[in-house]
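For reference, the chains in residue letters:
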Amino acid sequence: MRSDEYYMYRALDQAHLAAAAGEVPVGAVVVDAQGEIIGEGCNAAIANCDPSGHAEIRALREAGKHQSNYRLDGCTLFVTLEPCMMCSGAMIHARLARLVYGAAEPRAGMVESKANLLAQPWFNHQLAVSGGVLAPASQKLLKRFFAAKRDAVN
Ligand SMILES: [Zn+2]
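In this text the structure is predicted, and so the values were computed from the model without any measurement. Residue positions are given per chain, counted from 1 along the sequence in the order it is written. Since the coordinates come from a predicted model, pLDDT governs what is reported: local features require at least 70, and pairs of side-chain atoms require 80 or more to be given and counted, while whole-chain, interface and lining totals use all residues. With hydrogens and water stripped out, all remaining heavy atoms of the structure feed into the side-chain values.

## As for the coordination of the zinc ion
Octahedral metals with six donors have ideal donor angles of 90 or 180 degrees. Tetrahedral metals with four donors have an ideal donor angle of 109.5 degrees. Because water is not among the atoms used, a metal site may look incomplete, as its donors are only the N, O and S atoms within 2.8 Å, or 3.2 Å for Na, K and Ca. Bound to the zinc ion on the protein side are H54 (ND1), C84 (SG) and C87 (SG), at distances that span 2.0 to 2.3 Å. Positions of the donor residues of the zinc ion along the chain correspond to the pattern H-x29-C-x2-C. A residue pair is termed long-range when its members are at least 10 positions apart, and H54 in the loop between β2 (37–42) and α2 (55–67) and C84 in the loop between β3 (76–81) and α3 (85–93) qualify at 30 residues. Residue H54 is classed as partly exposed on the basis of its relative accessible area, which comes to 24%. On the basis of relative accessible area, C84 is assigned to the buried category, the value being 17%. By the criteria applied, helices consist of DSSP H or I runs no shorter than four residues and strands consist of E runs no shorter than two, each listed in order from the N terminus. Accessible area is worked out with a 1.4 Å probe on protein chains only. A residue is then buried under 20% of its type maximum, exposed over 50%, and partly exposed in between.

Given below as structure tokens:
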């Protein structure tokens, strides 16, 4: 297993791919217990006309295929932005061991910002959570993306 920063840089690579495709720049990777990246994904909701096309969901799908198992025991998901409600739910279904995220998402983040969904006692699975890893790099990418969008409208 390498450092959290190493894997977050791989997630940021995915976020850059999303930005280049005109999608909100969020990227994710899933890492197994040995430290191998077994799934990666960038936001592709617009291109795929898919409301569930978030980076985390796409990385989890790839990891599940890789493992031939929807349960990703011992795996860690690295994502550049605090997950939403849908992705938090998917991570619980996947029985991930750990979530590592970058920037907080003050408007819709469901891990610390709007709610602490992953820590609810009624779920039969708990994940370890670390936030703020390489957050400035993620924030910079998001700010640049939305600034360019505003310029295009004005
Ligand atoms: Zn999401």
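That covers the picture; the talk isn't over yet.
## Focus on the sheet that holds β2
Strands are labelled as partners when DSSP assigns at least two bridges between them. Strand order in the open sheet formed by five strands is β2-β1-β3-β4-β5, with mixed pairing between adjacent strands. Taken across any chain shown, the strands that pair with only one partner, and hence form the sheet edges, are β2 and β5 (128–130). Between one strand axis and the next, the sheet turns through 15 degrees on average, direction left out of account. Pairing between β3 and strand β4 (residues 98–103): five bridges, direction parallel. Its bridge partner being in β4, L81 is matched across the sheet by A103. Throughout, a residue-residue contact means that at least one pair of heavy atoms, one from each residue, lies within 4.5 Å. Only the stretch in contact is used when a helix axis is fitted, and all axes are lines through C-alpha atoms; the angle between N-to-C directions ranges over 0 to 180 degrees. Across the sheet, α2 touches β1 (27–31), β2 and β3, and the angle it forms with β2 is around 150 degrees.

## Focus: helix α4 (residues 135–153)
The end-to-end C-alpha distance of α4 is 27 Å, a good match for the 27 Å that 19 residues give at a rise of 1.5 Å each. Buried within α4 we find A135, S138, L141, L142 and F145. The buried residues of α4 all sit within an arc of 140 degrees when viewed along its axis, so they share a single face. Of the exposed residues in α4, those oriented more than 90 degrees away from the buried face are P136, K140, K143, R144, R150 and D151. What a helix is expected to span follows from its residue count: subtract one and scale by 1.5 Å. Think of the arc as the fan of directions from the helix axis to the C-beta atoms.

## What about the side chain of T80?
Mapped onto the fold, T80 is located in strand β3. Those residues in contact with T80 that lie beyond four places of it in its chain are M8, A11, L12, A15, P25, V26, G27, G102, A103 and S138.

## Regarding the nonpolar core
Side chains of a nonpolar character, in soluble globular proteins, are inclined to be buried together. Counting residues in hydrophobic clusters, the biggest one holds 29 residues, and the most contacted among them are V30, L60, L77, M91, L96 and L99. Looking at this core, the elements with two or more residues in it are β1, α2, β3, α3, β4 and α4. Take this core: its biggest share by element is five residues, from α2. Sequence-distant contacts of M91, that is, excluding residues within four places in its chain, are made with L60, L77, P83, L96, L99, L118 and L127. In this structure, M8, A11, L12 and V133 belong to the second largest nonpolar core, which totals 10 residues. Buried residues of nine kinds, namely Ala, Val, Leu, Ile, Met, Phe, Trp, Tyr and Cys, make up a nonpolar core once their side-chain atoms join them within 4.5 Å.

## Quick look at the pairing of β2
Within a regular strand, the side chains alternate between the two sheet faces. Sheet topology places β1 next to β2; five bridges connect them, and they run antiparallel. Residue pairing for β2: V30 is matched across the bridge by G39. The antiparallel hairpin formed by β1 and β2 contains five residues in its connecting segment, where G35 sits at a positive phi of about 95 degrees.

## Quick look at the packing of α2 against α3
Where α2 contacts α3, the two axes come as close as 9 Å, and the packing angle between them is 25 degrees. Considering the angle they form, α2 stands roughly parallel to α3. Considering how the two elements wind past one another, α2 and α3 form a crossing that is left-handed. On α3, the residues touching E56, I57 and L60 of α2 are M86, C87, A90 and M91. Tallied by class, residues from the contact of α2 with α3 come to six nonpolar, no polar and one charged. Any angle between 65 and 115 degrees counts as roughly perpendicular, while under 35 counts as roughly parallel, over 145 as roughly antiparallel, and the rest as oblique. Note on convention: the crossing is left-handed when the near helix lies turned anticlockwise from the far helix by less than a right angle, right-handed when the turn is clockwise. Throughout this entry, Asp, Glu, Lys and Arg are counted as charged residues, while Ala, Val, Leu, Ile, Met, Phe, Trp, Tyr, Cys and Pro are counted as nonpolar. The remaining residues, Gly among them, count as polar.

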